[in-house]
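Summary of the model geometry
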Amino acid sequence: MIQAEPIPVIEFRSVGLTYPGPPPVPALLPCDLTVRRGEYLTIVGPSGSGKSTFLNIAGLLDTPTSGTYLLDGIDTTGIRDKDRTTLRGSRIGSVFQAFHLLPHRSAQENVELAMVYQRIPRARRRTRAQAALVRVGLGHRLEALPTRLSGGERQRVAIARALVTEPSLLLCDEPTGTGEIGLRRALGARGRHVTWQFLAESTALGLIGGLVGTSIGTAVVVCVSAAREWTPVLDPATLAAAPVLGLATGLFAGLYPAWRAARIPPAEALRR
């Protein structure tokens, strides 16, 4: 009985990418490549030879302008951005040279981030993140912030984050930027996730600003009134209006940045 050949993880069929001009710039010449499950592949070459472009295409961050790319047998060439993002989050893990862990999140929370956009229940995310960290020898550092970890420990957290979703493909690159937006997009965040993140942050800042301003203003009124032996007059409606105005200001101020951030292509966001 003849056994069917396993489906390759990566299959490039004349895949290439050319940036439009004028003049057009070929970033990756059409190439064929097959990478099967369990294989390791190292890409070397001088700067500008197309290494990062190849990895961006393989990681579904860039779309080729020619050829066909099959990931686990799935033709990714003409799929919608929503489906591309879903594939990227569920089948591809990424490890960056500088690790790019969120400094204000614990090791466990950084690993959980890889599963947030897959709608995995919080309890299951926690269990899987802990198991992944135990697997890389960091079971005793679950709650540690990246700033409290050594370089080797941060690297292991990044590896645990890349492996926790059990991806078909693991990519390791050396991007020079990778801000938080790029990291989230690489981990499977959609445009609406970035939009909500921006709006939540700008609204929170506006609300905090309103509360701080109200507190300072109230303190000044009370102090001046006490010094001059006046009776302070504090209108509850005015006190309540300041935080609400701050919240509304933060919301409207964040709309345009949120709209722009959500429309940044994943590959460009990753470089920022």
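Residues numbered from 1 in each chain as written. Predicted model: local features only at pLDDT ≥ 70, side-chain atom pairs only at ≥ 80, totals over all residues. Heavy atoms only, no water.

1. Some remarks on the packing of helix α3 (residues 107-116) against helix α4 (residues 122-135)
Packing of α3 against α4 leaves a shortest axis separation of 9 Å and a crossing angle of 120°. Comparing the axis directions of α3 and α4 gives the class oblique. Crossing handedness for the pair α3 and α4: right-handed. Along its contact with α3, which presents A107, Q108, V111, E112, M115 and V116, the element α4 presents R125, R126, R128, A129, Q130, A132 and L133. Residue classes in the contact of α3 with α4 are distributed as seven nonpolar, two polar and four charged. (Axes fitted to C-alpha atoms, helices over the stretch in contact; angles between N-to-C directions. Helix = DSSP H or I, 4+ residues; strand = E, 2+ residues; numbered from the N terminus. Parallel < 35°, antiparallel > 145°, perpendicular 65-115°, else oblique. Left-handed = near helix turned anticlockwise from the far one by under 90°. Contact = heavy atoms within 4.5 Å. Nonpolar A, V, L, I, M, F, W, Y, C, P; charged D, E, K, R; others polar.)

2. Digging into the packing of α3 against helix α5 (residues 151-163)
As a packed pair, α3 and α5 sit with axes 7 Å apart at the nearest point and diverge in direction by 30°. What the angle tells us is that α3 and α5 run roughly parallel. As for how α3 packs across α5, the hand of that crossing is right-handed. Contacts between α3 and α5 pair A107, N110, V111 and A114 from the former with V157, A160 and R161 from the latter. When grouped by side-chain class, the residues that make up the contact of α3 with α5 number five nonpolar, one polar and one charged.

3. Some thoughts on the pattern of salt bridges
Under the criterion given, the structure shown has five salt bridges. The shortest N-O distance in the salt bridge between E11 and R13 comes to 3.1 Å. Among the ionic pairs, R37 bridges to D72, the shortest N-O distance being 3.5 Å. Of the two residues, R37 is situated in the loop between β2 (25-35) and α1 (51-58) and D72 in the loop between β3 (66-71) and β4 (74-75); the sequence distance between them amounts to 35 residues. On the accessibility criterion, R37 (57% relative accessible area) is exposed. Residue class for D72 comes out buried when judged on its relative accessible area of 14%. (Salt bridge = Lys/Arg side-chain N within 4 Å of Asp/Glu carboxyl O. Buried < 20%, exposed > 50% of the residue type's maximum accessible area, 1.4 Å probe, protein only.)

4. Details of the nonpolar core
Counting 21 residues, the largest nonpolar core has V111, L133, V157, A160 and V164 as the members making the most contacts within it. With residues near it in sequence (within four places) discarded, V111 still touches A129, A132, L133, V157, A160, R161 and V164. By size, the runner-up hydrophobic cluster in this structure holds 19 residues, among which are V9, L55, L71 and I92. (Core = buried A, V, L, I, M, F, W, Y, C linked by side-chain atoms within 4.5 Å.)

5. Considerations on the sheet that holds β4
Across the sheet, which stays open at both edges, the four strands sit in the order β2-β1-β3-β4 with antiparallel pairing between neighbours. Only two strands of the sheet have a single partner each, and these edge strands are β2 and β4. Relative to β3, strand β1 (residues 10-19) is paired through five bridges, and the arrangement is antiparallel. Paired with R13 across the bridge in β3 is T68. Sheet strands in contact with α1 are β1, β2 and β3, and its direction is about 120° off that of β1. (Pairing = 2+ DSSP bridges.)

6. Brief notes about a nonpolar patch on the surface
Side chains of I208, V212, I216, V220, V224 and W230 sit close together on the surface and give an oily, nonpolar patch of about 560 Å² of accessible area. According to the relative accessible area criterion, V224 is partly exposed, its value standing at 35%. (Patch = residues over 30% accessible without salt bridge, like charges linked within 9 Å, V, L, I, M, F, W, Y side chains within 5 Å. Areas by Shrake-Rupley, 256 points an atom, 1.4 Å probe, with all protein chains shown as cover.)

7. Some details on the pairing of β3
Here is the key point about a regular strand: its side chains alternate between the two faces of the sheet. In terms of strand pairing, β3 meets β4 through two bridges, oriented antiparallel. Within β4, the position partnered with L71 by the bridge is I74.

8. A short note on the confidence of the model for the protein chain
For the protein chain, the mean per-residue pLDDT works out to 78, and 73% of the residues sit at or above 70. The low-confidence segment residues 175-179, where pLDDT is below 50, has 15 contacts with residues more than four positions distant or belonging to other chains. (pLDDT = per-residue confidence, 0-100.)

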